[in-house]
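What the coordinates show
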Amino acid sequence: MKAILALADGRVFEGKSFGAAGENGGEVVFNTSMMGYQEILTDPSYQGQIVTMTYPLIGNYGINPEDVESGRPYASGFVVKEVSGIVSNWRSGCSLHEYLQKHGIVGISGIDTRALTRHVRDQGAQQGIISTQDPDPASLVRRAEERPIMVGQDLAREVTCKTPYAWDESEWVLGKGYAKAPSEKFRVVAMDFGIKRNILRILAGFGCKVTVVPASCTATEILDMNPDGIFLSNGPGDPEAVTYAVETIRDLIGRKPIFGICLGHQLLGLALGGRTYKLKFGHHGGNQPVMDLSTGKVEITAQNHGFAVDMEFLTAADHDVELTHVNLNDRTVEGLRHKRLPLFSVQYHPESSPGPHDSRYLFERFLVMMEKFK
């Protein structure tokens, strides 16, 4: 079946449909990972986005129920050069086509993803529509133009959990599956702005008794749980629109150790008095080089974000906040910490899944901080 991808600036790509028939819209971004499409699709941070994979062959190892990062796919659409007609993996339960079809995600293949990636890189991430229903490119472009942009959207509210829940599953072990968490060492409250399961698995594997709470949970409710530390999760949308979470985090600063990643990092920056801004096309992929300024070491990181913290404005608001990590591609802020208070955050994803494991030391740093302030 024919499918069309139309961008808000008038660029149109024609290809073949896979996954569900129909029509979906979202902000078009590209991801540079060579694998891990299942984890990418089920990352709630992709709520409201159409994901383009730069690697040319996708779907060859299928989908399995163990590698999902949430209960369902959140990407609005999926764009690939070639979707594999052959699925070959002993853990596979279905094909990528079947998975997207089941969950109503429209995919398009057979287009020049290099040209699309270059266009997004040069012109910026923008709204688009994938359709198998409307054959008129002009109509699709017009409706893509009318879609709300990402700036100003609170999407954390759409993906957060409804009620608190406990998590006790640690990482996957060959031949055994997911293990149970070891004995409890720390109590952690994780604020869910779109949290990935591998974050919870790593925390549990380090002996943390984790309670996940909705994004709207108040500081009083969190402190009543008497945690040893508070984790601020990843998530989608514009951090400046999540005002209620910023207020909660501001009330928690200095009262408990805090570790934030991705959207959690941005919200912490806002709570400290800073600002955030929209990146031209964001960072999405498993090969972003980041330097830890305290050691001079470079780590290759997994990333998925479209906004960044303005460090100059933040340090002007609070002189005790310092830059800890920087992106070596564009020099944007990748990490911060407070010199006096027990808190730090990073813009990238140390839990990987998919991606390299270079940054997992950050979870250990959180444990040390909790032990010190326990």
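All values reported here derive from a predicted model rather than from experimental measurement.

So, the overall build of the protein
- The secondary structure content of the protein amounts to eleven helices and 21 strands.
- For the protein, the C-alpha radius of gyration of 20 Å lies close to 21 Å, the compact-globule estimate for 374 residues.
- Dimensions of the protein along its principal axes, counting C-alpha atoms only, are 60 × 50 × 40 Å.
- Here the protein, with 374 residues, has 59% of them falling under the buried criterion.
- In the protein, of all internal contacts separated by at least 6 residues, the share reaching a separation of at least 24 is 75%.
- When the accessible surface of the protein is totalled, it reaches about 15,200 Å², and 50% of it is carbon and sulfur.
- Charge separation in the protein, taken as the distance between the mean sites of 38 positive and 44 negative side-chain charges, equals 2 Å.

Some remarks on helix α4 (residues 137-146)
- Among the residues making up α4, those that are buried are S139, L140, V141 and A144.
- Against β1 (2-7), β2 (12-19), β3 (23-31) and β9 (126-131) lie the buried residues of α4.

Quick look at the pattern of salt bridges
- Applying the stated criterion across every chain, the model contains 17 salt bridges.
- Among the salt bridges present, the one from D67 reaches R91, with a minimum N-O distance of 3.0 Å. On the criterion of sequence distance, the pair formed by D67 in the loop between β5 (57-58) and β6 (77-79) and R91 in the loop between β7 (82-83) and α2 (96-102) is long-range, its members being 24 residues apart.
- According to the relative accessible area criterion, R91 is buried, its value standing at 19%.
- Linking R201 and E169 is a salt bridge whose minimum nitrogen-to-oxygen distance equals 3.2 Å. Placement of R201 in helix α6 (residues 197-205) and of E169 in strand β11 (residues 169-173) is noted, with a sequence separation of 32 residues between them.
- Among the residues examined, R201 registers a relative accessible area of 3% and is labelled buried.

Examining the packing of aromatic side chains
- Counting across every chain of the model gives six aromatic pairs.
- For the ring pair Y37 and Y61, a centre distance of 4.4 Å and an interplane angle of 25 degrees mean the geometry is stacked. Residue Y37 is found in helix α1 (residues 37-41), and its partner Y61 is found in the loop between β5 and β6; the two are separated by 24 residues along the sequence.
- Among the aromatic residues, those joined into a ring-pair cluster are F231, F259, F344, F363 and F366.
- Lying across the ring of Y74, R72 places its NZ or CZ 3.9 Å from the centre.
- Above the ring of F307, the side-chain terminus of K278 is found at 5.5 Å from the ring centroid.

Reading guide: rules and limits
- Residues numbered from 1 in each chain as written.
- Predicted model: local features only at pLDDT ≥ 70, side-chain atom pairs only at ≥ 80, totals over all residues.
- Heavy atoms only, no water.
- Helix = DSSP H or I, 4+ residues; strand = E, 2+ residues; numbered from the N terminus.
- Rg over C-alpha atoms; globule rule 2.2 N^0.38 Å.
- Buried < 20%, exposed > 50% of the residue type's maximum accessible area, 1.4 Å probe, protein only.
- Contact = heavy atoms within 4.5 Å.
- Areas by Shrake-Rupley, 256 points an atom, 1.4 Å probe, with all protein chains shown as cover.
- Lys, Arg positive; Asp, Glu negative; His and termini not counted.
- Charge placed at Lys NZ, Arg CZ, Asp CG, Glu CD.
- Salt bridge = Lys/Arg side-chain N within 4 Å of Asp/Glu carboxyl O.
- Phe/Tyr/Trp six-rings, centres within 6.5 Å; stacked < 30°, edge-to-face > 60°.
- Lys NZ or Arg CZ within 6 Å of the ring centre and 35° of its normal.

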